Amino acid sequence: MSTDALVVCDDVARTFGSGAAAVVAVHGSSCSVHSGARIAIAGPSGSGKSTLLHLMAGLERPTRGTVTWPALDPAGIRDIGVVFQSPSLVPNLDVRENAGLPLVIAGVEDPGRAERVSEALALVGVDDLATKLPEEISGGQAQRVAVARVLAQRPRLLLADEPTGQLDRAAGQRLLDALLAATEHLGAALVVTTHDRTVIDRLETRWTMHEGRLRTTADRTVTS
Ligand SMILES: Nc1ncnc2c1ncn2[C@@H]1O[C@H](COP(=O)(O)OP(=O)(O)OP(=O)(O)O)[C@@H](O)[C@H]1O
């Protein structure tokens, strides 16, 4: 396996529960993600996409196999940003405060923090909403704020779990535009799990999950 990979999954498996109730969410699957990669992980509901993404993020431990982050230093798992299907903004904080919250928790001080938050909000086109509360913005805008919250951490690897799943087609396209532009600007790799054909068609690399098994494929030409 290449050592410049941001994440390497080597024969990983993840089982939930035990005995007769055990569910094998991911069977022995191997893959690696390098700088600049733009990968869609497609597959039906329940095929193990989210579990694989969580394994890549270090949010789940594999029951078999290993997940390593060769190009990230030991504390570098912080270089991984995760966007979930639901934005989960804090209701009583405004957009700017929500986007900056992980940096506050990490102890990043101003003016650096404010600069990073402003850059992230601008990258996803919600800088004009900075003083709005979550209840004052649309679902698509809230999801862009959730992306900004991750971008403000300047990740080298951005993992997005069905980020357009709750959005209509137009809002989903705008979110994807923002994700692509922002990861390019930051030089971050992007991995997106999705059912959405229009998302799949815009990423160079398409992997598929089926009943917990990952199939990786070569890069292809993006249609738009
Ligand atoms: N924490 C958990 N406890 C028990 N079973 C789980 C858990 N997480 C996932 N599973 C099971 O593992 C399997 C894979 O789930 P996963 O969420 O990874 O699939 P998915 O492809 O992301 O599905 P969707 O597209 O619907 O989000 C499913 O059968 C699911 O019920």
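Up top is the structure these notes are about.
Cut-offs used in this document
- Residues numbered from 1 in each chain as written.
- Predicted model: local features only at pLDDT ≥ 70, side-chain atom pairs only at ≥ 80, totals over all residues.
- Heavy atoms only, no water.
- Pairing = 2+ DSSP bridges.
- Helix = DSSP H or I, 4+ residues; strand = E, 2+ residues; numbered from the N terminus.
- Core = buried A, V, L, I, M, F, W, Y, C linked by side-chain atoms within 4.5 Å.
- Buried < 20%, exposed > 50% of the residue type's maximum accessible area, 1.4 Å probe, protein only.
- Contact = heavy atoms within 4.5 Å.
- Near = heavy atom within 4 Å.
- Polar contact = N/O pair within 3.5 Å; in protein donor to acceptor, adjacent residues only side chain to side chain.
- Axes fitted to C-alpha atoms, helices over the stretch in contact; angles between N-to-C directions.
- Lys, Arg positive; Asp, Glu negative; His and termini not counted.
- Salt bridge = Lys/Arg side-chain N within 4 Å of Asp/Glu carboxyl O.

Attention now goes to the pairing of strand β1 (residues 7–16). Bridge count between β1 and strand β2 (residues 23–33): 7 bridges; the pairing is antiparallel. Bridging across to β2, Cys9 finds its partner in Cys31. Count of turn residues in the β1/β2 antiparallel hairpin: 6 residues, of which Gly17 carries a positive phi of about 75 degrees. Relative to strand β4 (residues 64–68), β1 runs antiparallel, the two sharing 4 bridges. Looking at β4, one finds that Val8 is bridged to Thr68.

Now for the nonpolar core. Among the nonpolar cores identified, the biggest contains 37 residues, and Leu121 and Leu158 are the most heavily contacted of them. Looking at this core, the elements with two or more residues in it are β3 (38–42), α2 (95–105), α3 (112–123), α4 (139–151), β6 (157–161), α5 (169–186), β7 (189–194) and α6 (197–200). The element contributing the most residues to this core is α5, with 7 residues. Apart from the residues lying within four places of it in its own chain, the contact partners of Leu121 are Val95, Arg96, Ala99, Val126, Asp127, Ala130 and Ala148.

Here we take up the site of the ligand. In the neighbourhood of the ligand, 13 residues make up the surrounding shell, with Ser45, Gly46, Ser50, Thr51 and Glu162 lying closest. One of the side-chain nitrogen or oxygen atoms of Ser45 is found 2.5 Å away from an oxygen atom of the ligand. Ser47 places a polar main-chain atom, nitrogen or oxygen, 3.0 Å from an oxygen atom of the ligand. Only β2 and α1 (49–57) provide two or more residues apiece to the shell around the ligand.

Let's shift gears to the sheet that holds strand β5 (residues 80–83). Across the sheet, 6 strands lie side by side as β5-β6-β7-β3-β8-β9; this open sheet has mixed pairing. At either end of the open sheet lies a strand with only one pairing partner, and these are β5 and β9 (213–215). Direction aside, neighbouring strands of the sheet carry axes that sit 20 degrees apart on average. Relative to β7, β3 runs parallel, the two sharing 5 bridges. In the sheet register, Ala40 faces β7, and the bridge partner there is Val192.

What follows deals with the environment of Leu53. In this structure, Leu53 sits in helix α1. You can call Leu53 buried: its relative accessible area is 1%. Spatially, the C-alpha atom of Leu53 lies 8.1 Å from that of Ala160, the residues being 107 residues apart in sequence. With residues up to four places along the chain from it excluded, the contact list for Leu53 reads Leu159, Ala160, Asp161, Val191 and Thr193.

This part covers the environment of Pro134. Among the structural elements, Pro134 can be located in the loop between α3 and α4. What makes Pro134 buried here is its relative accessible area of 17%. Taking C-alpha positions, Pro134 is 29 Å from Arg202, a pair spaced 68 residues apart along the chain.

Right, let's get into the side chain of Asn98. Topologically, Asn98 is positioned in helix α2. What Asn98 contacts, discounting residues up to four positions off in sequence, is Leu89, Val90, Leu93, Pro134, Val145 and Arg149.

Attention now moves to the side chain of Lys49. Mapped onto the secondary structure, Lys49 falls in helix α1. Summary of buried charges: Lys49 has no salt-bridge partner, and the nearest side chain of opposite charge, Glu162, is 4.0 Å away. In terms of polar contacts, Lys49 uses its side chain to reach the backbone carbonyl oxygen of Gly43, at 2.9 Å. With sequence-adjacent residues up to four places away left out, Lys49 is seen in contact with Ile41, Ala42, Gly43, Pro44, Glu162, Thr193, Thr194, His195 and Met209.

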